[in-house]
Amino acid sequence: MRLSTRKLLDKSFTFCAVMAVVVLTAFLIFVLAPIFVRGCGAYVFRGTVEYRRMMLDQFGRGDEVALAREIALAQTARQPVYSAVTAFEAELKQMPAARRREMRPLFKVVREGLELLLGPEPGKPLPTLPRMLYGQTRWDGARRHLKHVLYEVQWDYSDDDDGVRVLAPRKPFFAGTALEPIFDLLENDLDRMLNPRLTFYGRFLTDKSVDAHFFGGIGPEVMGTIYLALTAMLIAVPLGVVAAIYFQEYAEGGAVMTFLRSCVNTLAGVPSIVFGLFGLAFFINTIKVSQGKSVLAGALTLALLVLPTVIRASEEAIAAVPRAYKEGALALGAGQWRTVLTIILPAALPGILTGVVISMGRAAGETAPIIFTAAVSVGKLSRPLKMLFRDTPALSWNLYNICTEHEAVDRIRHVQYGMALTLVVLVLALNLVAILIRARVSKRLKG
Amino acid sequence: MDAELNLVDNEAHVRAEEFSVFYGEHEAVRRINMSIPAKQVSAIIGPSGCGKSTFLRAINRMNDLIPGCHARGRLIFDRRNIYGNDIDVAVLRGCIGMVFQKPNPFPKSIYDNVAYGPRLHGSYRKSDLDMIVEESLTKAALWDEVKDRLNKNALGLSGGQAQRLCLARALAVKPEILLMDEPTSALDPKATARIEELIVELRGSYTIAIVTHNMQQATRVSDVTAFFYEGDLVEFGKTDQLFTRPVEKRTEDYITGRFG
């Protein structure tokens, strides 16, 4: 091959490698940036007076006196709107029957929209569901919702079969009536009616959710995830490390060993949903570790799932311990167990820990295995030991749940992104801890 | 095989009788008869692959680690066959210490390295352990260099220091016999000289068997020398005799550098 050709080849390989890294980085940013930005919205946002009212009612937080003053101010700003509504109601009664029939559904939509935006109308009986008790607690939600009040979605089929979505202002429908001024009032005066203020809601991480995530935080999910991952590791690590020691230090070759090893490897390739079904069939239905779904059953299933990873990482770490250490210990008269415990395991510890924490991240993020064995959509916290035999919400599964099966998926986008961000950060933090431990341990080992 | 040494004044500490070691089918050490005299230094020389290391590692049964390795014949230590069924290998290795080719300190503190053996074989009080550690390190001529950093990791030592630490570690178990498998081949000349000095100092207190590639080293440190060639013990005798007036032609060829 000519020198110039070879150089060209070298250069193109370098180029490919650099491009691969660039694409990877771009992809990572592309995926993580929206999760990060929108996820932060669950923690930092402009909270309205409705948010503070909800906080005081549901969590007992906030200054009662200041809030009462704030509510009074907001009420003053809202008064013209409610007066207009009352006036229009009276006007409606005077209308000819045909026009009344035409106006009533339009009015109903506006009125319901107002309730969602500002909360229940004063003087009316309070609804029972907490979600109906408050208006928009977040300013971004309020802005979005305002559009629904001001405009009606229509479809324009004039020049296309598919139709085009157009927003038609509602104001002209009510032209000349007492309701007409509220549209301008709402558009111009909404911030006085809701009084948005920059809010930092750090306790989103630990608060319980109010009325299926309409308000409140994701505390039970976070705790559930931590319980599940920790319990799974408590089960998987001792088993996995002991198995790895056996494979590396005790087992002699042979058909049985080869078979066992390939079993472990096959286990690593089994789809996680199969683990979930197995967990239900075996841990819950057959050996009945709990009455129904429970943290224990879920953790056992997760432990099975991560066991091959733990075994393989530990085996690699043990195999990487220099033979000379083992020989040195044996030559001093140490038995095999003693050698393993005092020499091989300490030297292999950084590698084992890395495998353990990576597995822990995996256990925290897995969804399918806990669908049938542990996860429920609503749960509450209790003491760890009691928790073990109870079902629990968990970040991964509940993220899926509130994204697909929630009755108002659109209204809780911030919770979905907040949950996703929390899960990602949790796993990243775990990995960071692993890196730190590993660095410290290997520093101790290397002197 | 005329190599059986006249041991009138030297009691044999380890005696091989028709002793063979096999790797699977291959006979790496072939029907050896020799005695390692007590409290003296025995050197084992020979070209690569001649079975000298295999023989040395048979004495404390380190060959057990190699799959398919087995022995035949008798290797007598303390009136018992080392390969007999009644031998507790851990106890045996406590009596027969070993220093390896490459220094292999554990990734622990210097103190824990030396204390590792004693801790295995009995429970000592802290003060006793301290004493053993100091004594062993002093014997290995390392105490002055490390006494201020006993809690530092042993992997921070230089090659020569590490090898002396391994020697101290072996001595801390209070063995009767020390096996050395080319202990200086990974060291520079200065470190080598220190180890050789130590061997000479330890002579008289311990029975030492040293495998070496370096014939000058054998002449410097040993009392008796065995020459192995292709699994056979070719010649065994007093060191000065073997190197000046070898009986066997093959010995002469080897020590004069005609092969090996």
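Here, the structure is the one placed above.
Every value quoted in this text rests on a predicted model; they were computed, and no experiment measured them.

Some points on the overall build of chain A
- Counting its regular elements, chain A contains 17 helices and six strands.
- In terms of C-alpha radius of gyration, chain A reaches 31 Å, well past the compact-globule figure of 22 Å for 447 residues.
- Computing the positive centroid from 50 side-chain charges and the negative centroid from 37, chain A places the two 9 Å apart.

Observations regarding the packing of aromatic side chains
Residue and element names in this part refer to chain A.
- Considering all chains together, one arrives at 19 aromatic pairs over all chains under this definition.
- Each ring, one from Phe 88 and one from Phe 107, has its centre 4.9 Å from the other, and the planes form 50°; the classification is tilted. Of this pair, Phe 88 sits in helix α3 (residues 64–94) while Phe 107 sits in helix α4 (residues 97–118), placing them 19 residues apart in sequence.
- Judged by centre distance (5.9 Å) and plane angle (80°), the ring pair of Phe 278 and Phe 283 falls under edge-to-face.
- Following the ring pairs from residue to residue traces out a cluster consisting of Tyr 43, Phe 45, Tyr 51, Tyr 201 and Phe 204.
- Here the guanidinium or amino end of Lys 208 rests over the ring plane of Phe 59, the centre of that ring lying 5.3 Å away.

Overview of the interface of chain A and chain B
- Contact residues are listed per partner, giving 20 residues for chain A and 25 residues for chain B.
- Linking chain A with chain B are one salt bridge, by the criterion used here.
- Measuring nitrogen to oxygen at the nearest pair gives 2.7 Å for the salt bridge that ties Glu327(A) to Arg57(B).
- Across the contact surface, chain A and chain B share six residue pairs in polar contact (both at pLDDT 80 or more).
- Only α12 (323–331), α13 (336–365) and α17 (413–446) of chain A provide two or more residues apiece to the side of chain A that touches chain B.
- Per-element accounting of the side of chain A that touches chain B gives the leading share, eight residues, to α12(A).
- For the side of chain A that touches chain B, the class distribution of residues is ten nonpolar, five polar and five charged.

Side note on the environment of Ala320(A)
- Here Ala320(A) is to be found in the loop between α11 (295–319) and α12.
- For the pair Ala320(A) and Ala420(A), spaced 100 residues apart in sequence, the C-alpha to C-alpha distance is 37 Å.

What to know about the sheet that holds strand β6 (residues 96–99) of chain B
All names here are of chain B.
- Strand order in this open sheet of six strands is β6-β7-β8-β3-β9-β10, and the pairing throughout is mixed. Each edge of the open sheet carries a strand with a single partner, namely β6 and β10 (232–238). Each strand of the sheet is rotated relative to its neighbour by a mean of 15°, with strand direction disregarded.
- Note: strand β3 (residues 41–45) against strand β8 (residues 207–211), four bridges, orientation parallel. In the strand pairing of β8, Val 41 is matched with Ile 208.
- Contacts between helix α6 (residues 159–171) and the sheet are confined to β6 and β7 (177–181), with β6 contributing the most and set at about 170° to the helix.
- Sheet strands touched by helix α7 (residues 189–202): β3, β7 and β8. Its angle to β8, the strand with the most contacts, is close to 150°.

Focus: the pattern of salt bridges
- Summed over the entire model, instances satisfying the criterion amount to 36 salt bridges over all chains.
- The salt bridge involving Arg192(A) is made with Asp189(A); its shortest N-O contact spans 3.1 Å. Residue Arg192(A) and its partner Asp189(A) are located together in helix α7 (residues 180–194), separated by three residues, close to a single helical turn.
- The class of Asp189(A) is buried, set by a relative accessible area of 18%.
- In this structure, Glu196(B) engages Arg220(B) in a salt bridge whose closest nitrogen and oxygen atoms are separated by 2.6 Å.

A word on empty space enclosed by the protein
Residues and elements named next belong to chain A.
- Summed over the entire model, instances satisfying the criterion amount to one cavity of 30 Å³ or more.
- Taken as a whole, the largest cavity encloses approximately 30 Å³ of empty space.
- Those elements that place two or more of their residues in the lining of the largest cavity are α8 (219–250) and α13.
- Considering every element that reaches the lining of the largest cavity, the biggest residue donor is α8, with three residues.

Here's the deal with a nonpolar patch on the surface
- A cluster of nonpolar residues, Phe15(A), Val18(A), Met19(A), Val22(A) and Val23(A), forms a patch on the protein surface that exposes about 460 Å² of accessible area.
- We classify Val18(A) as partly exposed; its relative accessible area is 47%.

Some details on the pairing of β6(B)
Residue and element names in this part refer to chain B.
- In β6, alternate side chains face the same way, and those of Ile 96 and Met 98 on one face and Gly 97 and Val 99 on the other are all buried.
- Bridge analysis of β6 against β7 gives four bridges, and the strand direction is parallel. Among the inter-strand pairings, Ile 96 is bridged to a residue of β7, identified as Ile 177.

Digging into the environment of Ala193(B)
- Relative to the assigned elements, Ala193(B) resides in helix α7.
- When the C-alpha atoms of Ala193(B) and Gln217(B) are compared, they prove to be 9.3 Å apart, with 24 residues separating the residues in sequence.

Description of unusual backbone geometry
Residues and elements named next belong to chain B.
- Positive phi, normally seen in glycine, also occurs at Lys 39, with a value near 55°.
- By the secondary structure assignment, Lys 39 is in the loop between β2 (26–37) and β3.
- A relative accessible area of 43% means that Lys 39 is categorised as partly exposed.
- The backbone phi angle of Glu 182 is positive, close to 45°, even though this residue is not glycine.
- Positionally, Glu 182 belongs in the loop between β7 and α7.

A short note on the sheet that holds β2(B)
Residues and elements named next belong to chain B.
- In spatial order, the strands read β2-β1-β4-β5; together these four strands make up an open sheet with antiparallel pairing. The open sheet has two free edges, formed respectively by β2 and β5 (80–81), since each of these has just one partner strand.
- By the bridge criterion, eight bridges tie strand β1 (residues 12–23) to strand β4 (residues 69–77) in an arrangement that is antiparallel. From the neighbouring strand, Ser 20 faces β4, where its bridge partner is Arg 72.

Topic: the nonpolar core
- Grouped together as the largest cluster of nonpolar side chains are 60 residues, with contacts concentrated most on Leu228(A), Leu302(A), Ile352(A), Ile370(A), Phe106(B) and Tyr116(B).
- When contributions to this core are tallied by element, the ones reaching two or more residues are α8, α9 (255–269), α10 (272–286), α11, α12, α13 and α17 of chain A together with α3 (110–121) of chain B.
- Once residues lying within four places of it in the same chain are set aside, the contact partners of Leu228(A) are Val295(A), Gly298(A), Ala299(A), Leu302(A), Ile370(A), Ala374(A), Thr392(A) and Ala394(A).
- Core analysis: the next-biggest nonpolar cluster, separate from the first, contains 47 residues, Val41(B), Val114(B), Ala162(B) and Leu165(B) among them.

Calculation notes
Residues numbered from 1 in each chain as written. Chains lettered and ligands numbered in written order. Predicted model: local features only at pLDDT ≥ 70, side-chain atom pairs only at ≥ 80, totals over all residues. Heavy atoms only, no water. Helix = DSSP H or I, 4+ residues; strand = E, 2+ residues; numbered from the N terminus. Rg over C-alpha atoms; globule rule 2.2 N^0.38 Å. Lys, Arg positive; Asp, Glu negative; His and termini not counted. Charge placed at Lys NZ, Arg CZ, Asp CG, Glu CD. Phe/Tyr/Trp six-rings, centres within 6.5 Å; stacked < 30°, edge-to-face > 60°. Lys NZ or Arg CZ within 6 Å of the ring centre and 35° of its normal. Contact = heavy atoms within 4.5 Å. Salt bridge = Lys/Arg side-chain N within 4 Å of Asp/Glu carboxyl O. Polar contact = N/O pair within 3.5 Å; in protein donor to acceptor, adjacent residues only side chain to side chain. Nonpolar A, V, L, I, M, F, W, Y, C, P; charged D, E, K, R; others polar. Pairing = 2+ DSSP bridges. Axes fitted to C-alpha atoms, helices over the stretch in contact; angles between N-to-C directions. Buried < 20%, exposed > 50% of the residue type's maximum accessible area, 1.4 Å probe, protein only. 1 Å grid on protein atoms, 1.4 Å probe; cavity = no way out; pocket = protein on both sides within 12 Å on 5 of 7 lines; lining within 4 Å. Points joined across faces, edges and corners; volume = space filled by probe spheres on them. Patch = residues over 30% accessible without salt bridge, like charges linked within 9 Å, V, L, I, M, F, W, Y side chains within 5 Å. Areas by Shrake-Rupley, 256 points an atom, 1.4 Å probe, with all protein chains shown as cover. Core = buried A, V, L, I, M, F, W, Y, C linked by side-chain atoms within 4.5 Å.

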